[in-house]
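A look at the structure
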Amino acid sequence: MAATRPRSVITSLLGATQPQSGLRVCGWARSVRKGKGVAFVALNDGSCLAHLQIVITEDLANFAEVTRAGTGACFEVIGDLVASPAAEQQWELQAAKVTILGAADAEYPLQKKRHSFEYLRSVAHLRPRANTFGAVFRLRSALSFAVHRFFQERGFLYVHTPIITTNDCEGAGELFRVTTLDPRHPPLVDGQVDWSQDFFGEKAGLTVSGQLQGELFATAFSDIYTFGPTFRAENSNTSRHASEFWMIEPEVAFVDLAGICQLAEDFFRYLVQYALDHCREDVRFFDERVAPGLLDRLQQLAQTPFGRMSYSDAIEHLQRSGRDFAFPVTWGSDLQTEHERYLTEEVVGGPLFVTDYPKDIKAFYMRLNDDNKTVAAMDLLVPRVGEIIGGSQREERLPLLEQRLAEYDIPVESLDWYLDIRRWGSCPHAGFGLGFERLLMYLTGMENIRDVIPFPRTPGQARF
RNA sequence: UCCCUCUUAGCUCAGUUGGCAGAGCAUCUGACUGUUAAUCAGAUUGUCGCUGGUUCGAGCCCAGCAGAGGGAGCCA
């Protein structure tokens, strides 16, 4: 293997401006077409959606072997980049030497045809080699970088909030338990598990949100964000929920609800524009093969301002709609999926902030409004995906926060450290959480969260 | 967790009133001097999800179980 020669990346070869000789290219065969005396291999190295056509002629010593290698095999090719005489591609690689690095036989699960996403999920260890998943994971990588770029350009501090937490009451769902106790013989006190003998000396679990720790850092660095994995042990079986997912949570001091909505809108639009600017080929692929109309929708979104509507106005809209909803619309109950879809898809026809929800259906840390009935909360709803961002202005007034904790039966001692930032140097602050996978669903048009995360974890499923 | 649907060849799927298990693609063999998920000709491929029941006879009807998908709730 001529490893000393540098490897040329296919995406840069396809954009070449002139022929080049003596190149070394490596990749996986997507198809091998054999004619008399000549064969063509469509080679992909993951650097882009497009394949590089390798031209192999009969005079190569291992011509028969190479043309038998078939779909899925891994090749190293030494050859010259030349203008292609055929119409389908500008450049092709005329092979001088082909080495089969790894053969693939007929059992190879990915064939040169379209597979269902359900089937590809069952071979999630190989699906990155499929066109759609190549596009998904290139976009995922690019957008991860875009998230950091957006915040770093604005001087936000990136903070690594803990994965293991001992907060049992973050108000965001069930935690996965983290323990080193012997499940067959846990230490007992009065018939109950004695968590004080566990590894951390108390009950611990995986984080459901970095928000509370994010707030601590916001009261020191003013503008911060987190971007990391989040875990929820909810028995949710839907196309929009996963047990392990990635969340982006900015927390900003000295802004109110309107300010945090503006940040969320700028952020979301930035990410859409980034995908259009940097992942054009992949987005176009999704538009053609996965979700027709996607490109227009994204281009439009990058320009139009988002709608804003208070919860109370939303209720009025729904009540006046004349629609026969499965769930009744009354002030004080939460908006159902059907209501959210009506508002974002039919009333506004684009992303919509719904703000100022009744306090009883929202978390304890959200700031009480002057009407004493609502809190300074916001959800960003988008067509097709639904709720993509949830955020709020946080309650910075200690007595009011303590009162809210009491209403939720949360012992004050368990969150004394959280209350401390209200005791000393408290300030108005606000933040939100964006589900990274839901963002990717919106950007790709993929309809199942399991298909935008490399190895999905859902109830009953943690394979690979 | 609840409701609905699905499970047949490696993949995608058809299978009539309960009466011999099918097609396309893939694979294999052959043909073709440049193909574009090549094309053309031929060939191979089955625990009909599992367990039980009804019946002379079950892929088809019934029951249970398992897995998957869609919807709902919870949320990001």
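Summary of the structure given here. (Residues numbered from 1 in each chain as written. Chains lettered and ligands numbered in written order. Predicted model: local features only at pLDDT ≥ 70, side-chain atom pairs only at ≥ 80, totals over all residues. Heavy atoms only, no water.)

**A word on the nonpolar core**
In this structure, Phe75, Leu143 and Phe268 are the most contacted members of the largest nonpolar core, which totals 95 residues. With 13 residues, the top contributor of residues to this core is helix H6 (residues 257-278). The two domains that each donate at least three residues to this core are domain 1 (10-102) and domain 2 (129-173 + 208-451). Once you skip the residues sitting within four places of it in the chain, Leu143 turns out to touch Leu271, Tyr274, Ala275, Phe436, Leu439, Leu440 and Leu443. Judged by nonpolar contacts, the second largest core, of 29 residues, contains Leu212, Leu352, Tyr357 and Ala377. (Core = buried A, V, L, I, M, F, W, Y, C linked by side-chain atoms within 4.5 Å. Buried < 20%, exposed > 50% of the residue type's maximum accessible area, 1.4 Å probe, protein only. Helix = DSSP H or I, 4+ residues; strand = E, 2+ residues; numbered from the N terminus. Domains from an automatic or database assignment. Contact = heavy atoms within 4.5 Å.)

**A short note on the packing of helix H4 (residues 131-153) against helix H7 (residues 280-289)**
Running from N to C, H4 and H7 cross one another at 135°; their axes reach a closest spacing of 10 Å. Taken together, the axes of H4 and H7 are oblique relative to one another. Here H4 runs over H7; the crossing is left-handed. Residue-level inspection shows Asn131, Thr132, Ala135, Val136, Arg138 and Leu139 of H4 in contact with H7, the latter providing Asp282, Val283, Phe285 and Phe286. (Axes fitted to C-alpha atoms, helices over the stretch in contact; angles between N-to-C directions. Parallel < 35°, antiparallel > 145°, perpendicular 65-115°, else oblique. Left-handed = near helix turned anticlockwise from the far one by under 90°.)

**Some details on the protein's contact with RNA strand B**
Every one of the 47 residues lining RNA strand B counts as a neighbour, but Ala86, Lys112, Lys113, Arg114 and His241 are closest to it. Near the protein, within 4 Å, the atoms of RNA strand B are sugar or phosphate in 47% of cases. A distance of 2.4 Å is found between a base nitrogen of RNA strand B and a backbone nitrogen or oxygen belonging to Arg114. Here a phosphate oxygen of RNA strand B sits 2.7 Å away from a polar atom, N or O, in the side chain of Thr337. Those elements that provide at least two residues to the surface near RNA strand B are strand E1 (20-34), strand E5 (91-102), helix H3 (117-122), strand E13 (244-253) and strand E17 (386-393). The element that contributes the greatest number of residues to the surface near RNA strand B is E17, accounting for four residues. Taken together, the residues of the surface near RNA strand B break down into 12 nonpolar, 20 polar and 15 charged. (Near = heavy atom within 4 Å. Polar contact = N/O pair within 3.5 Å; in protein donor to acceptor, adjacent residues only side chain to side chain. Nonpolar A, V, L, I, M, F, W, Y, C, P; charged D, E, K, R; others polar.)

Geometric descriptors of this kind do not, in isolation, establish any biological role.
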